[in-house]
Amino acid sequence: PEVCEFQIEVIKKLYKSNIPILGICLGHQLMALSVGAKTAKLKYGHRGANHPVKDLSNNKVYITSQNHGYYVIDSSINPEIAEVSHINLNC
C-alpha cells in the first residue's frame, strides 16, 4: 500500500476538509499510512475464509470474511489520532 502515494496525499487533503471517510481493506490501510502509521505484509494473507475479530470495547467476537495481504501495525498508530478498536484473533 505504501506505493499508493497519490491516494495517500488525497486522503491527507480530505482529513483537512473534515469530510467523514470510511476505509475498508486497502482504504483503511491508506488512511493509516496518511497519518504516519505503518503497514506490513501478512505471511499468508487472509483469503476469503471466516476470521474471528474481537471488539475491544465489549470483548465480543465477530466472524468476518476477509481477503487481504497487508495489515496496519497497531503499535505504529499515534494514540492522539486513532485507537485500535478491533483485532484479528488469528494474528
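So, how was this worked out
Residues numbered from 1 in each chain as written. Predicted model: local features only at pLDDT ≥ 70, side-chain atom pairs only at ≥ 80, totals over all residues. Heavy atoms only, no water. Salt bridge = Lys/Arg side-chain N within 4 Å of Asp/Glu carboxyl O. Helix = DSSP H or I, 4+ residues; strand = E, 2+ residues; numbered from the N terminus. Buried < 20%, exposed > 50% of the residue type's maximum accessible area, 1.4 Å probe, protein only. Core = buried A, V, L, I, M, F, W, Y, C linked by side-chain atoms within 4.5 Å. Contact = heavy atoms within 4.5 Å. Expected span 1.5 Å × (residues − 1). Axes fitted to C-alpha atoms, helices over the stretch in contact; angles between N-to-C directions. Parallel < 35°, antiparallel > 145°, perpendicular 65-115°, else oblique. Nonpolar A, V, L, I, M, F, W, Y, C, P; charged D, E, K, R; others polar. Polar contact = N/O pair within 3.5 Å; in protein donor to acceptor, adjacent residues only side chain to side chain.

(A) Broad picture of the pattern of salt bridges. All chains considered together, the criterion is met by 1 salt bridge. Between lysine 12 and glutamate 9 there is a salt bridge whose closest N-O contact spans 3.2 Å. Taken as a pair, lysine 12 and glutamate 9 lie in helix α1 (residues 5–17) at a separation of 3 residues, close to a single helical turn. Accessibility expressed as a relative area gives 32% for lysine 12, which makes it partly exposed. Its relative accessible area of 41% is what places glutamate 9 among the partly exposed residues.

(B) Region of interest: the nonpolar core. Listed in full, the 6 residues of the largest apolar core are Cys4, Ile8, Ile11, Leu30, Met31 and Leu33. For this core, the secondary structure elements donating two or more residues are α1 and α2 (26–34). When residues in this core are grouped by element, the largest group, 3 residues, is from α2. In contact with leucine 30, other than residues within four places in its own chain, are Pro1, Cys4, Gln7, Ile8 and Ile11.

(C) Expanded view of α1. In this model, α1 (13 residues) spans 19 Å end to end at C-alpha, consistent with the 18 Å of a helix rising 1.5 Å per residue. Positive backbone phi, approximately 65°, marks asparagine 18, located one or two places after α1.

(D) Region of the structure containing the packing of α1 against α2. Close contact between α1 and α2 brings their axes to 9 Å; oriented N to C, the two are set at 70°. With respect to their mutual orientation, α1 and α2 come out roughly perpendicular. Contacts from Gln7, Ile8, Ile11, Lys12 and Tyr15 of α1 reach α2 at Leu30, Met31, Leu33 and Ser34. Class assignment for the residues of the contact of α1 with α2 results in 6 nonpolar, 2 polar and 1 charged.

(E) Inspection of the side chain of glutamine 66 at higher detail. Within the element layout of this structure, glutamine 66 appears in strand β2 (residues 61–72). With a relative accessible area of 11%, glutamine 66 lands in the buried category. For glutamine 66, the side chain forms a polar contact with the side chain of histidine 68, separated by 3.4 Å. For glutamine 66, the side chain forms a polar contact with the side chain of asparagine 88, separated by 3.1 Å. Filtering out sequence-adjacent residues up to four positions away, glutamine 66 remains in contact with His46, Arg47, Gly48, Ala49, His51, Val53 and Asn88.

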